[in-house]
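Listed below, chain by chain, are the residues.
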Amino acid sequence: MAKQTENGKAFEYACIDFFTKSLSKKQNVTVVKNAPLDTAEELFNSLDRNTRDDLESAAKAAYKVVNNLEPRIESYLIDFPLELTLQADAKGQAGDVRDVVLSRPEEDWEIGLSCKHNHQAIKHSRLSETIDFGKEWMSLPCSEQYFDEVRPIFAKLRKIKDESVRREKPALWSDLEDKEGEYYEPVLSAFLKELSRLDKCYPNKVPERMVQYLLGRNDFYKIISDDATRTTRVEAFNINGTLGQSSKNQIARARIKRIKLPTRILKMEFIQGKKNKVQVFFDEGWTITFRIHNASSKIEPSLKFDVQLVSLPNSIYAQSEPWQF
């Protein structure tokens with residue numbers, strides 16, 4: 001497991017742990033015991049004291065913001081305890097990006113947190129000679145023209161890998177003279193051309209479905225801890241209008257607007273000076289970047305995306321909270 005992934009899971013634990021301790025002072029709170037929780041707790045406890053303190057400070061700042069925005073967290077009935085669940089990674093693969101879910105099943109109410117430690121990536125999807133990203137992401141199958149373009153590129157990688165297996169010496173990406181020019185750039189070029197084709201074949205469907213794939217279909221708060229600035233940023237993705245509901249005794253302190261999904265692609269291009277990164281501009285203020293990279297030091301016939309939302313609609317509620325000690 002990569003260090004960034006380990007720290008990310010440790011931050012998930014810091015969040016569920018701090019929310020649990022704070023909320024249990026005033027109500028009955030149940031934490032679902034499962035394997036993801038055990039793993040995250042173990043990773044958190046393996047960190048040095050200073051790192052754990054920083055994660056706890058980031059979680060505390062997140063709690064302060066979310067608790068102010070969600071009156072129903074503390075508006076409860078004695079017989080209906082608040083339930084906290086740390087979800088498995090498989091949920092994200094299935095379209096639910098929430099890491100932590102707070103719910104009252106008897107009241108049919110829940111909110112979710114997507115916890116990010118020092119990064120804002122939202123997806124890590126793959127491309128290969130067989131992966132139909134159009135179908136998997138948007139239920140809009142890619143054309144044969146797209147596969148005709150990418151198959152030879154991935155076939156070269158497969159050949160390199162197979163030859164290294166026969167030699168019993170793994171081929172490394174660092175052995176290649178120009179991996180970006182020979183592999184990254186042509187794959188990304190084919191990706192952009194296919195997005196354009198799909199957009200023409202299925203008018204007004206690609207933008208909305210792509211964002212729904214990246215964000216999932218559940219409303220959630222994105223919690224981003226930033227060690228450099230010692231702040232926690234909270235962004236409210238209120239797609240279905242379920243966030244910020246007032247309770248019987250208290251109204252929400254801020255109005256969280258329902259966000260508008262995009263309907264048009266405005267422009268697609270490589271980022272200047274980059275062969276491995278493109279950006280797609282949509283209407284309603286959405287901009288998404290796709291950075292392609294090798295997921296392993298060993299050559300494999302597939303490439304991985306790091307996808308980030310770099311521009312969001314003005315209607316999205318966002319707040320940065322400094323850490324307090």
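Everything that follows concerns the structure shown earlier in this document.
Here the residue numbers are simple positions, counted from 1 along each chain's written sequence. Only residues with pLDDT of at least 70 get local features here, since the model is predicted, and only at 80 or more are side-chain atom pairs given and counted; chain-wide, interface and lining totals rely on the full set of residues. The basis for every side-chain value is the complete set of heavy atoms in the structure, and neither hydrogens nor water enter the calculation.

Caption draft 1: Spotlight on the packing of aromatic side chains. Aromatic pairing here means that ring centres of Phe, Tyr or Trp (its six-membered ring) are within 6.5 Å. Orientation follows from the plane angle: under 30 degrees is stacked, over 60 is edge-to-face, and everything else is tilted. Considering all chains together, one arrives at 17 aromatic pairs under this definition. Here the aromatic residues Phe-133, Trp-137, Tyr-146, Phe-147, Phe-191, Tyr-213, Phe-290 and Phe-305 are joined through ring pairs into a cluster of three or more. By definition here, charges over rings are those cases where NZ of Lys or CZ of Arg is within 6 Å of the ring centre and within 35 degrees of the ring normal. For the cation-ring pair, Lys-267 lies above Phe-281, with the distance from its terminal atom to the ring centre recorded as 5.1 Å.

Caption draft 2: Up close: the environment of Phe-290. If you trace the backbone, Phe-290 turns up in strand E11 (residues 287-293). Residues Phe-290 and Val-307, spaced 17 residues apart in sequence, show a C-alpha to C-alpha distance of 4.8 Å. With residues up to four places along the chain from it excluded, the contact list for Phe-290 reads Trp-137, Leu-188, Phe-191, Met-210, Asn-276, Lys-277, Val-278, Val-280, Phe-305, Asp-306 and Val-307. Per the convention used, a helix needs a DSSP run of H or I reaching at least four residues, while a strand needs a run of E reaching at least two, with both numbered from the N terminus. The contact definition used throughout considers only heavy atoms, calling two residues in contact when any of these lie within 4.5 Å.

Caption draft 3: A look at the state of the cysteines. By definition, disulfides here are pairs of cysteine sulfur atoms that lie within 2.5 Å. Applying the stated criterion across every chain, the model contains zero disulfides. Sulfur of Cys-15: no disulfide; nearest cysteine sulfur belongs to Cys-115 and is 3.8 Å away. Left unpaired, Cys-201 is separated from the closest cysteine sulfur, that of Cys-142, by 11 Å. When a residue's accessible area, from a 1.4 Å probe over protein chains only, is under 20% of the maximum for its type it is buried; when over 50% it is exposed; and in between it is partly exposed. Overall, Cys-201 belongs to the exposed group, its relative accessible area being 57%.

Caption draft 4: Representation of helix H7 (residues 179-201) within the structure. Helix span, expected: 1.5 Å multiplied by one less than the number of residues in the helix. A rise of 1.5 Å per residue sets the reference length of H7, with its 23 residues, at 33 Å; its end C-alpha atoms lie 32 Å apart and thus fit the reference within 8%. Where H7 is concerned, the buried positions are Tyr-183, Tyr-184, Val-187, Leu-188, Ala-190, Phe-191, Leu-192, Glu-194, Leu-195, Arg-197 and Leu-198.

Caption draft 5: Looking closely at the side chain of Ser-125. Looking at the element boundaries, Ser-125 is found in the loop between strand E5 (121-123) and strand E6 (126-128). On the basis of relative accessible area, Ser-125 is assigned to the buried category, the value being 7%. Setting aside anything within four residues of it in sequence, one finds Ser-125 in contact with Trp-137, Tyr-213, Leu-303, Lys-304 and Phe-305.

Caption draft 6: Fine view of the packing of helix H1 (residues 3-23) against helix H2 (residues 35-45). At a closest axis distance of 8 Å, the pairing of H1 and H2 adopts a crossing angle of 105°. As judged from the angle between their axes, H1 and H2 are roughly perpendicular. Two secondary-structure elements touch here, H1 through Glu-6, Lys-9, Ala-10, Tyr-13, Ala-14 and Ile-16 and H2 through Leu-37, Ala-40, Glu-41, Leu-43 and Phe-44. Looking at the contact of H1 with H2 residue by residue, the class counts come to eight nonpolar, no polar and three charged. Each axis is a line fitted through C-alpha atoms, taken for helices only over the stretch in contact, and angles between the N-to-C directions span 0 to 180 degrees. Reported orientations rely on four angle classes, namely roughly parallel under 35 degrees, roughly antiparallel over 145, roughly perpendicular from 65 to 115, and oblique for the rest. In the scheme used here, Gly and all other residues not listed as nonpolar or charged are polar, with Ala, Val, Leu, Ile, Met, Phe, Trp, Tyr, Cys and Pro taken as nonpolar and Asp, Glu, Lys and Arg as charged.

Caption draft 7: Spotlight on the pairing of strand E12 (residues 302-311). One ladder, built from three bridges, connects E6 with E12; its direction is antiparallel. Of the residues in E12, the one forming a bridge with Ser-128 is Ser-302. Pairing between strands requires that DSSP locate at least two bridges from one strand to the other. Direction of pairing for E11 relative to E12: antiparallel, over a ladder of seven bridges. From the neighbouring strand, Ile-292 faces E12, where its bridge partner is Phe-305.

Caption draft 8: Spatial organisation of helix H3 (residues 49-69). When the terminal C-alpha atoms of H3 are compared, their 30 Å separation across 21 residues agrees well with the 30 Å that a helix rising 1.5 Å per residue should span. The complete set of buried residues in H3 reads Arg-52, Leu-55, Ser-57, Ala-58, Ala-59, Ala-61, Ala-62, Tyr-63, Val-65, Val-66, Asn-67 and Leu-69. Looking at the buried positions of H3, the neighbouring elements they touch are H1, H2, strand E4 (109-117), strand E7 (220-226), strand E8 (231-237) and strand E13 (317-322). Polar contacts, as used here, are pairs of N or O atoms within 3.5 Å; protein pairs need one atom able to donate a hydrogen and one able to accept it. Residues neighboring in sequence count only if both atoms are side-chain atoms. Between the side-chain oxygen of the N-cap and the backbone nitrogen of Asn-50 there are 3.1 Å, and the N-cap of H3 in question is Asp-48.

Caption draft 9: Geometry of the packing of H1 against H3. Axis separation between H1 and H3 bottoms out at 9 Å; the angle between their running directions is 55°. Of the possible angle classes, the one that applies to H1 and H3 is oblique. Once H1 is placed against H3, the crossing between them reads as right-handed. Between H1 and H3, the residues in contact are Ala-10, Phe-11, Ala-14, Cys-15, Phe-18, Phe-19, Ser-22 and Leu-23 and Leu-55, Glu-56, Ala-58, Ala-59, Lys-60, Ala-62, Tyr-63, Val-66 and Asn-67, respectively. Residues belonging to the contact of H1 with H3 are distributed by class as follows: 13 nonpolar, two polar and two charged. In a left-handed crossing the near helix is turned counterclockwise from the far helix by less than a right angle, and in a right-handed crossing that turn is clockwise.

Caption draft 10: Structural view of the sheet that holds strand E2 (residues 82-86). Spatially, E1-E2-E3-E4-E7-E8-E13 is the arrangement adopted by the seven strands of the open sheet, whose pairing is mixed. What marks the edges here is a single partner per strand, and that holds for strand E1 (29-31) and E13. Pairs of neighbouring strands in the sheet enclose a mean axial angle of 20°, with direction left out of account. Of the strand pairs in this sheet, E4 and E7 are connected by five bridges, and their pairing is parallel. The residue of E7 that forms the bridge with Lys-116 is Ile-224.

Caption draft 11: Summary view of a positive patch on the surface. Only residues whose relative accessible area exceeds 30% and that take part in no salt bridge are eligible for patches, with like-charged residues grouped when within 9 Å of each other and nonpolar side chains (Val, Leu, Ile, Met, Phe, Trp, Tyr) grouped when within 5 Å. Computed with the Shrake-Rupley method and a 1.4 Å probe, the accessible areas treat only the protein chains shown as cover for residues. By definition here, a salt bridge exists when the distance from a side-chain nitrogen of Lys or Arg to a carboxyl oxygen of Asp or Glu is within 4 Å. A residue counts as positive if it is Lys or Arg and as negative if it is Asp or Glu; His and the chain ends are not included. One atom stands in for each charge, and that atom is NZ of Lys, CZ of Arg, CG of Asp or CD of Glu. Positive charge collects at one region of the surface, where Lys-159, Arg-166, Arg-167 and Lys-169 lie side by side. Tracing the backbone shows Arg-167 in helix H6 (residues 144-167).

So, to be careful, I would describe these as geometric facts and stop short of saying anything about function.
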